[in-house]
Amino acid sequence: MLEGLGILITGGASGIGRAAAELFAGYGARVAVADIDLAAAQAVVESIEAVGGSAIALAVDTSDPVQVDRMVDDAVAWLGRLDAAFNNVGVAHPLHPVEELPLAVWERTMAITATGTLLSMQAELRHMVKAGGGAIVNTASNSGTHGTPMLGGYGASKAAVINLTKTVAVEYASRGIRANAICPGVIDTPPIAALAAAGTDFSQIINAPMGRIGTAKEVAELAAWLCSGRSSYVTGQAISIDGGQSATP
Ligand SMILES: NC(=O)c1ccc[n+]([C@@H]2O[C@H](COP(=O)([O-])OP(=O)(O)OC[C@H]3O[C@@H](n4cnc5c(N)ncnc54)[C@H](O)[C@@H]3O)[C@@H](O)[C@H]2O)c1
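These numbers were taken from a predicted model, which means no experiment stands behind them. (Residues numbered from 1 in each chain as written. Predicted model: local features only at pLDDT ≥ 70, side-chain atom pairs only at ≥ 80, totals over all residues. Heavy atoms only, no water.)

Asks: Even after reading the chapter, I still don't get the nonpolar core, so can you show me in this structure?
Replies: When a protein is soluble and globular, its nonpolar side chains tend to lie buried together. If you look at the biggest cluster of nonpolar residues, it comprises 37 residues, and the most contacted ones within it are Ile7, Phe24, Val31, Phe86 and Ile182. Those elements that provide at least two residues to this core are β1 (6–10), α1 (15–26), β2 (30–35), α2 (38–50), β3 (54–59), β4 (84–87), β5 (134–139) and α8 (216–227). Every residue in contact with phenylalanine 86, bar those within four places of it in the chain, is listed here: Leu8, Ile9, Thr10, Ile16, Ala20, Phe24, Val137, Thr139, Ile182 and Ala223. Counting 24 residues, the second-largest nonpolar core is a separate cluster that includes Leu79, Ala85, Ala169 and Ile177. (Core = buried A, V, L, I, M, F, W, Y, C linked by side-chain atoms within 4.5 Å. Buried < 20%, exposed > 50% of the residue type's maximum accessible area, 1.4 Å probe, protein only. Helix = DSSP H or I, 4+ residues; strand = E, 2+ residues; numbered from the N terminus. Contact = heavy atoms within 4.5 Å.)

Asks: I keep staring at helix α4 (residues 103–131) and nothing clicks. Help me out?
Replies: Since there are 3.6 residues in each turn of an α-helix, residues three or four apart along the chain are aligned in direction. Here α4 is 29 residues long and its end C-alpha atoms lie 40 Å apart, about the 42 Å a rise of 1.5 Å per residue gives. Roughly 35° is the biggest bend found in α4, and it falls at alanine 111. Immediately beyond the C-terminal end of α4, within one or two residues, lies glycine 132, with a positive phi of roughly 90°. (Expected span 1.5 Å × (residues − 1). Bend = angle between axes of the 7 residues up to and from the residue.)

Asks: So what exactly am I meant to see when it comes to the sheet that holds β5 here?
Replies: By way of backbone hydrogen bonds, the strands of a sheet pair with one another, either parallel or antiparallel. With respect to topology, 7 strands assemble into an open sheet ordered β3-β2-β1-β4-β5-β6-β9, the strand pairing being parallel. Pairing within the sheet leaves two strands with one partner each, and these edge strands are β3 and β9 (238–241). Shown here is a sheet whose adjacent strand axes are inclined to one another by a mean of 20°, direction ignored. Against the sheet, α1 contacts β1, β2, β4 and β6 (177–184), and its axis sits at roughly 165° relative to β1. Its contacts with the sheet put α2 on β2 and β3, and the angle it makes with β3 is roughly 180°. (Pairing = 2+ DSSP bridges. Axes fitted to C-alpha atoms, helices over the stretch in contact; angles between N-to-C directions.)

Asks: Even after reading the chapter, I still don't get the state of the cysteines, so can you show me in this structure?
Replies: Disulfides are covalent bonds that connect the sulfur atoms of two cysteines. Scanning all chains against the criterion turns up 0 disulfides. Here cysteine 183 is not cross-linked by a disulfide; its sulfur's nearest cysteine counterpart is in cysteine 227, at 15 Å. Owing to a relative accessible area of 1%, cysteine 183 belongs among the buried residues under this scheme. When its relative accessible area of 4% is taken as the criterion, cysteine 227 is described as buried. (Disulfide = S-S within 2.5 Å.)

Asks: Is there a simple way to explain the pairing of β4 in this structure?
Replies: In the case of a regular strand, side chains alternate between the two sheet surfaces. Of the two faces of β4, both are covered, the one formed by Ala84 and Phe86 as well as the one formed by Ala85 and Asn87. Sheet topology places β1 next to β4; 4 bridges connect them, and they run parallel. In the strand pairing of β4, threonine 10 is matched with asparagine 87.

Asks: Mind showing me how you'd approach the site of the ligand here?
Replies: Close to the ligand lie 27 residues, the nearest being Ser14, Asp35, Tyr154, Ile187 and Thr189. Note that an oxygen atom of the ligand is positioned 3.4 Å from one of the backbone N or O atoms of glycine 15. Within the backbone of asparagine 88, one N or O atom sits 2.9 Å away from an oxygen atom of the ligand. Contact with the protein chains hides 88% of the accessible area of the ligand, taken as 830 Å² for the molecule alone. Listed by contribution, the elements that provide at least two residues to the shell around the ligand are α1, α5 (152–172) and α6 (190–197). Counting residues per element, the shell around the ligand draws most heavily on α6, which supplies 3 residues. (Near = heavy atom within 4 Å. Polar contact = N/O pair within 3.5 Å; in protein donor to acceptor, adjacent residues only side chain to side chain. Areas by Shrake-Rupley, 256 points an atom, 1.4 Å probe, with all protein chains shown as cover.)

This is the structure we're talking about:
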């Protein structure tokens, strides 16, 4: 589905990003795996190369504009082109009621999740506009469309990601660029596994009609489709992938 495409994935060293890097490479893309944890990104590259895929690891803190510009330049230099970008970095924060949400927690969450996505899109758009097109996929969350108790900073940062995605879709559609957001429900990735190991019973918390949490590969499949030409008439959407959770009253 992604044969011959050059795709950048941020937060590609773990969880949804790692699953996407491996899946996209399996579908024939060359992938740049960018992450703040370079050693873990390198391990993903090795797992891709071990099965005949093509990937490069890049170090980046996506909240830093200089590092983000360098990441995108390096990705384009290695990929030769930037057909698609999966901006997947995001961080949750410890649980706080809104009245007690520390300013420093709010600012860090916004810097990494909202500003980081803006900076990534800005650098990617500069290349895509020159090239005459591209696809951007941003990882948001159902927390960006619904109120999630105790996660006010996280939800606000994801709402910003959704709105920026829609704005880019509208601004850049005439230049051949599509932008969509993915809104996962609860997905089995290392942060969720850590909470489960510490005693959180997600089957009691989530109200997903399918009765289970999702896998990172299931989310990666949606991202792959949105990066591919198969979704050529889809832009400006925030698509939930949550076992039906967001459809319940
Ligand atoms: N797992 C879920 O249930 C769930 C639900 C909704 C949304 N999401 C979103 O999915 C995305 C991926 O989450 P995950 O569960 O796979 O998490 P994860 O922790 O497994 O992966 C996140 C990756 O991002 C990297 N990262 C963190 N800060 C960074 C920074 N400043 N610069 C570069 N890389 C950085 C981490 O090193 C890590 O490799 C996030 O945006 C998250 O908010 C996850």
